Amino acid sequence: MDIGAIDHLECYVADAENAAEFLCDAFGFRISGRGGPDTGLAGCHSVLLRQRGISLLLTSALGEDHPVAEYVGRHGDGVAVIAVATGDAHAAFTEAVARGAVAVEPPVELGEEGARVTFASVSGFGDVAQRFVARDDAGGPFAPGLIVEDPSQDTTPGLLSRIDHIAVCVPSGELDRTVSDYRSIFGFTQIFEERIIVGDQAMDSKVVQNESGGLTLTILEPDITKKPGQIDEFVRTHGGPGVQHVAFLTEDITAAVRELSERGVQFLSTPSSYYDVLSERLGTLALPVDELRELSILADRDHWGLMMQIFTQSRHPRQTLFYELIDRRGGRTFGSNNIKALYEAVDRQHAAGQELGY
């Protein structure tokens, strides 16, 4: 199937303007456009945010009977649509439905020839839809006739360059089926698999990616024979499968963490003892261990190189959706070794009777 990079994510939220203000103030996004009933959007209000290669559409309902309101009622604010670029949205939609996807939104063409945009959506996982987006002009309008854009916001500098991956939590028993659907319907390939054991908790993870590498989904399932953990909690409080976090790629994670912290973003802290054995575990690092310790940045190494990451605290009332910053210095995997390393670090601090830093 002809699927390219992520075109945008659409988040269904209780208050689009409030959510946009936070993402602009905290993460450096800029408001690029707006839409509502006066522009052709029925029963809802949308705000388009951009930063370099990232586009986020935030949509809130204007009435309780709107599908956006129903989604927010079930799950709270969250990612409801993952939109990917394709050369032919009609063909991608038809092919996906023929392969077993449920039609969500049949193809809709917007704008004039030369600047035309076609949207079409099918089911993905849970209440999250996969949207196919075909654009005559890659640099043209986002959704002509629905979103009115501000031309003064064309330049969107920032420390976040694109969406690296999306982490998805599914209930026990749904991991293999979800992976199978993405392979058989969308033509994805499974590129990674592991079982993660943290104390008396366990989870299974599989990573699927489209042929171009433009969309990567890390899908996690809890092992319900073990003690309940964060994946079980997400599924319960979110009300089913959903996007747990979105990872933003940055080329300078220390600069990004410092700037975003000054903007008010709160990151998860890491026990100091995690860093005591970091050089022993990973060898020579691209950044001083003391700087990583100061900023609570995690590091991991795979066959290809190093990656560094940090997670934000969730502002969601249900403590579900949050964000990740990731800096890849050759590393292609997702830092799973950090889970075990963090657990061992916390265990050492408990044994030493020290006060935990997170």
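As a convention, each chain's residues are numbered from 1 in the sequence order in which they are written. Local features in this predicted model are restricted to residues whose pLDDT is 70 or higher, and side-chain atom pairs enter the listing and the counts only when it is 80 or higher, whereas totals over whole chains, interfaces and linings include all residues. As a rule here, side-chain values come from all non-hydrogen atoms in the structure, and water together with hydrogens is ignored.

Some details on the pairing of strand β1 (residues 6-12)
Then step 1. Here β1 lies mainly inside the structure; seven of its seven residues are buried.
Then step 2. In the sheet, β1 pairs with strand β5 (residues 78-85) via six bridges, with the strands oriented antiparallel. What sits directly across from Glu10, in β5, is Val81. Exposed residues in this analysis have more than 50% of their type's maximum accessible area, buried residues have under 20%, and partly exposed residues fall in between, with area computed by a 1.4 Å probe over protein chains only. A helix here means a DSSP run of H or I that spans at least four residues, while a strand means a run of E at least two residues long, and both kinds are numbered starting from the N terminus. When DSSP finds two or more bridges between two strands, those strands count as paired.

Here's the deal with the sheet that holds strand β4 (residues 54-61)
Then step 1. Read from one edge to the other, the open sheet built from nine strands follows the order β6-β7-β8-β5-β1-β4-β3-β2-β9, with strand pairing classed as mixed. Looking at strand neighbours, the two that pair on one side only are β6 (103-110) and β9 (148-149), the edges of this open sheet.
Then step 2. Two strands pair when backbone bridges link them, and β6 and strand β7 (residues 117-125) are joined in this way by five bridges, in the antiparallel orientation. Within the sheet, the bridge partner assigned to Glu105 lies in β7 and is Ser121.
Then step 3. Across the sheet, helix α3 (residues 89-98) touches β6, β7 and β8 (128-135), and the angle it forms with β7 is around 20°. Only heavy atoms matter for contacts: two residues are in contact if any of them lie within 4.5 Å across the pair. Lines fitted to the C-alpha atoms define the axes, with helices restricted to the stretch that makes contact. Angles between their N-to-C directions range from 0 to 180 degrees.

Overview of the pattern of salt bridges
Then step 1. For this document, the term salt bridge refers to a Lys or Arg side-chain nitrogen within 4 Å of an Asp or Glu carboxyl oxygen. Enumeration according to the criterion identifies 23 salt bridges in this entry.
Then step 2. Between Arg293 and Asp290 there is a salt bridge whose closest N-O contact spans 4.0 Å. Here Arg293 and its partner Asp290 are both found in helix α8 (residues 289-295), three residues apart, which amounts to about one turn of the helix.
Then step 3. Residue Arg293 is classed as partly exposed on the basis of its relative accessible area, which comes to 26%.
Then step 4. A relative accessible area of 56% places Asp290 in the exposed class.
Then step 5. Counted as one network, the salt bridges with shared partners bring together Glu174, Arg177 and Asp181.

Comments concerning the packing of aromatic side chains
For any pair of aromatic rings, geometry is given as the distance between the ring centres together with the angle between the planes.
Then step 1. For this analysis, a ring pair means two rings from Phe, Tyr or Trp (six-membered ring only for Trp) whose centres lie within 6.5 Å, classed as stacked if their planes differ by under 30 degrees, edge-to-face if by over 60, and tilted for the remaining angles. Taken as a whole and assessed by the stated rule, the structure comprises 14 aromatic pairs.
Then step 2. Residues Phe125 and Tyr182 carry aromatic rings whose centres are separated by 6.4 Å and whose planes lie at 45° to one another, so their mutual orientation is tilted. On the criterion of sequence distance, the pair formed by Phe125 in strand β7 and Tyr182 in helix α4 (residues 175-184) is long-range, its members being 57 residues apart.
Then step 3. Relative accessible area serves as the criterion here: at 0%, Tyr182 is assigned to the buried category.
Then step 4. Aromatic pair Tyr274 and Tyr275: ring centres 4.7 Å apart, planes at 85°, arrangement edge-to-face.
Then step 5. Overall, Tyr274 belongs to the buried group, its relative accessible area being 1%.
Then step 6. Through pairs of rings, three or more aromatic residues link up here, namely Phe22, Phe27, Phe29, Phe248 and Tyr323.
Then step 7. Put simply, a charge is over a ring when the Lys NZ or the Arg CZ is close to the ring centre, within 6 Å, and near the line of the ring normal, within 35 degrees. Directly above the aromatic system of Phe22 lies the positively charged group of Arg315, at a separation of 3.8 Å from the ring centroid.

Remarks on the side chain of Asn210
Then step 1. Tracing the chain through its elements places Asn210 in the loop between β12 (201-209) and β13 (216-222).
Then step 2. A distance of 2.9 Å separates a polar atom in the side chain of Asn210 from the backbone nitrogen of Gly214.
Then step 3. Ignoring any residue separated from it by four or fewer positions in sequence, one finds Asn210 in contact with Ile3, Gly4, Phe188 and Leu215. Polar contacts, as counted here, are pairs of nitrogen or oxygen atoms within 3.5 Å of one another; within protein the pair requires one atom able to donate a hydrogen and one able to accept it, and residues that are adjacent in sequence qualify only if both atoms are side-chain atoms.

Let's talk about the confidence of the model for the chain
Then step 1. Of all residues in the chain, 94% attain a pLDDT of 70 or more, and the chain-wide mean is 93.
Then step 2. Throughout residues 354-358 the model reports pLDDT below 50, and contacts reaching past four residues in sequence, or to other chains, amount to 11 contacts. Values of pLDDT, which run from 0 to 100, indicate the predictor's confidence residue by residue.

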